[in-house]
Amino acid sequence: MFGPKPEIKTRAQLAAMAEAGAITYAMLEACERVADVGVSTAEIDAVAEAVCREAGGRPNFKGYQGFPATVCISVNDEIVHGIPSPDRVLADGDVVSVDGGCTVSGPGNRRWHSDSARTFIVGEPRPVDVELVEVTLESMWRGIAALAGASRVGVVGRAVEAVVSQRPVDGRELGIVEEFVGHGIGSTLHQPPDVRNFVTRDRGARLRSGMALCVEPLLTLGEPDNDTLDDGWTVCTLDGSRAAHFEHTVALWEGGLRILTLPDGGAAELAALGVPLADLNA
Ligand code: MF3
Ligand code: CO
Ligand code: CO
């Protein structure tokens, strides 16, 4: 009920996170550009790390609880936390989720985090996979938009559930993975509050200007039940159904929102959703 206090950021701290976020955006853009049939997930990871370091960022997943790479790459029935490997060569129609992040140095001589994910298809897509990706993207945006002017973080789960129930794929609702949730972010990668993608009895943490949250729905074409492979990281669906994942780092500032992992703050996307764009330079 009374979880640990969220970290409230200053304008300057959020601006540092936006710098990290712009690098993370460039990393994911490069990953999507290089990903293709015949390319290994290790090659994609190497591109992400090079882009990150050249831009002056530091990968924040590498070494996190022992994770061995710059990005997580999860293919098809892998939901999240896939480990890049030279042996995992992408094939026609694969559904590829890339999750990446980095830090930059900022106020207080601390490092400030960003975290973002996207899903795309290489080669010739299956129509159901295109819908899986579209609905997951839409659920992330509706979840983000729900934060504007809301008092509790539970609005995200309500919005994600609404999209899932309004957009069945192949006559059935997508599964919502419950074991992995969004989170606060700032001077650490993961911090309170939890940002759930489903409705619970309590309405979640109170929202305040100065919070930064990762909104990251994980949806599946079949059942959401999952297990972690023997590598200790890769989370797969039990029924073999494919999954998609989108994530942005979002700042709450003076009644508006700013997408810290988009270079322009998400101006167009937020305008389309009727959400005021927060200005961190004003
Ligand atoms: N980026 C993931 C998230 O969205 C966490 C990755 S943990 C790591 O919260 F160890 F793989 F980096
Ligand atoms: Co992430
Ligand atoms: Co995250």
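Small disclaimer: the values here were computed from a predicted structure and weren't measured.

A. Region of the structure containing the coordination of the cobalt ion (ligand 2). Around the cobalt ion (ligand 2), the protein supplies D99 (OD), D99 (OD), D115 (OD) and E247 (OE) as donor atoms, at distances of 2.0 to 2.5 Å. Because the angles between the six donor atoms bound to the cobalt ion (ligand 2) fall within 56 to 166°, the donor set is best described as irregular. Every donor residue of the cobalt ion (ligand 2) comes from the same chain, spaced as D-x15-D-x131-E. Exposure remark for D115: the relative accessible area of 2% places this residue in the buried category.

B. Spatial organisation of the coordination of the cobalt ion (ligand 3). Coordination sphere of the cobalt ion (ligand 3), protein contribution only: D115 (OD), H183 (NE2), E216 (OE) and E247 (OE), at 2.0 to 2.2 Å. One can describe the site at the cobalt ion (ligand 3) as irregular: its six donor atoms subtend angles covering 53 to 172° at the metal. The metal-metal distance between the cobalt ion (ligand 3) and the cobalt ion (ligand 2) is 3.2 Å, with D115 coordinating both. Note that D115 is positioned in strand 5 (residues 110-121) and H183 in strand 7 (residues 182-184), a separation of 68 residues in sequence. Note on accessibility: D115 and H183 belong to one class, buried.

C. Layout of the pattern of salt bridges. Under the definition given, this model contains 12 salt bridges. With a shortest N-O distance of 3.9 Å, E254 and R11 are connected by a salt bridge. Here E254, found in the loop between strand 14 (248-253) and strand 15 (256-259), pairs with R11, found in helix 1 (residues 11-34); they are 243 residues apart in sequence, far enough to count as distant. Judged by its relative accessible area of 58%, E254 is exposed. When the shortest N-O distance is used, the salt bridge between E49 and K62 registers 2.7 Å. With E49 in helix 2 (residues 41-54) and K62 in the loop between strand 1 (58-59) and strand 2 (71-75), this residue pair connects regions lying 13 residues apart in the sequence. K62 sits in the partly exposed class, given a relative accessible area of 34%.

D. Focus on the site of ligand 1. Close to ligand 1 lie F61, Y64, F67, C72, H81, D99, D115, H183, H190, E216, W233 and E247, which account for all nearby residues. Between ligand 1 and H190, the relevant distance is 2.7 Å, taken from an oxygen atom to a side-chain nitrogen or oxygen of the residue. For ligand 1, an oxygen atom lies 2.9 Å from a polar atom in the side chain of E247. Protein coverage of the free-state accessible area of ligand 1, which is 340 Å², stands at 96%. Along the lines of polarity and charge, the residues of the shell around ligand 1 split into five nonpolar, three polar and four charged.

E. Quick peek at the packing of aromatic side chains. Within this structure, the stated rule accounts for one aromatic pair. Where F67 meets W233, the ring centres are 5.0 Å apart and the plane angle is 80°; that geometry is what we call edge-to-face. You can see F67 sitting in the loop between strand 1 and strand 2 and its partner W233 sitting in the loop between strand 11 (226-228) and strand 12 (235-237), a full 166 residues away along the chain. Note on W233: relative accessible area 18%, which makes it buried.

F. Looking closely at helix 4 (residues 155-166). Between its terminal C-alpha atoms helix 4 stretches 17 Å, which fits the 16 Å expected from 12 residues at 1.5 Å a residue. The set of residues buried in helix 4 consists of V156, G157, A159, V160, V163 and V164. The buried residues of helix 4 all sit within an arc of 165° when viewed along its axis, so they share a single face. Residues of helix 4 that are exposed and point over 90 degrees away from its buried face: R158 and Q166. Summarising the contacts, the buried residues of helix 4 are in contact with helix 3 (127-147), strand 6 (175-176), strand 8 (191-195), strand 9 (212-215) and strand 10 (218-220).

G. Expanded view of the nonpolar core. The biggest cluster of nonpolar side chains holds 32 residues, and the ones touching the most others in it are I144, L147, L213, V215 and L257. Listed by contribution, the elements that provide at least two residues to this core are helix 3, helix 4, strand 9, strand 14 and strand 15. Element by element, the count of residues in this core is highest for helix 3, at eight residues. Not counting chain neighbours up to four residues away, the residues in contact with L213 comprise L147, V153, H183, G184, I185, P193, V195, L207, H248, T249, V250 and L252.

H. Structural detail: the side chain of K9. Mapped onto the elements of the fold, K9 is located in the segment before helix 1. Residue classification places K9 among the buried positions, given a relative accessible area of 3%.

I. Main features of helix 1. For helix 1, which comprises 24 residues, the first-to-last C-alpha distance of 35 Å matches the rise-based estimate of 34 Å (1.5 Å per residue) to within 8%. Listed in full, the buried residues belonging to helix 1 are Q13, L14, A16, M17, A20, G21, I23, T24, M27, L28, A30 and C31. Buried-residue contacts for helix 1 involve helix 2, strand 2, strand 4 (95-106), strand 5, strand 9 and strand 14.

J. Highlighting the sheet that holds strand 14. Read from one edge to the other, the open sheet built from five strands follows the order 8-7-9-14-15, with strand pairing classed as antiparallel. Edge strands, defined here as strands with exactly one partner in the open sheet, are strand 8 and strand 15. Each strand axis lies, on average, 25° off the axis of its neighbour in the sheet, ignoring direction. For strand 14 and strand 15, the ladder comprises four bridges, and the chain directions are antiparallel. The residue of strand 15 that forms the bridge with V250 is I259. Contacting strand 9, strand 14 and strand 15, helix 3 crosses the sheet at an angle of about 15° to strand 14.

Rules and cut-offs
Residues numbered from 1 in each chain as written. Chains lettered and ligands numbered in written order. Predicted model: local features only at pLDDT ≥ 70, side-chain atom pairs only at ≥ 80, totals over all residues. Heavy atoms only, no water. Donors = N, O, S within 2.8 Å, 3.2 Å for Na, K, Ca; no water. Tetrahedral: all angles 85-135°; square planar, octahedral: opposite > 155°, others 65-115°. Buried < 20%, exposed > 50% of the residue type's maximum accessible area, 1.4 Å probe, protein only. Helix = DSSP H or I, 4+ residues; strand = E, 2+ residues; numbered from the N terminus. Salt bridge = Lys/Arg side-chain N within 4 Å of Asp/Glu carboxyl O. Near = heavy atom within 4 Å. Polar contact = N/O pair within 3.5 Å; in protein donor to acceptor, adjacent residues only side chain to side chain. Areas by Shrake-Rupley, 256 points an atom, 1.4 Å probe, with all protein chains shown as cover. Nonpolar A, V, L, I, M, F, W, Y, C, P; charged D, E, K, R; others polar. Phe/Tyr/Trp six-rings, centres within 6.5 Å; stacked < 30°, edge-to-face > 60°. Expected span 1.5 Å × (residues − 1). Arc of directions from axis to C-beta. Contact = heavy atoms within 4.5 Å. Core = buried A, V, L, I, M, F, W, Y, C linked by side-chain atoms within 4.5 Å. Pairing = 2+ DSSP bridges. Axes fitted to C-alpha atoms, helices over the stretch in contact; angles between N-to-C directions.

Fair warning: the whole summary comes from geometry, so function is off the table for now.
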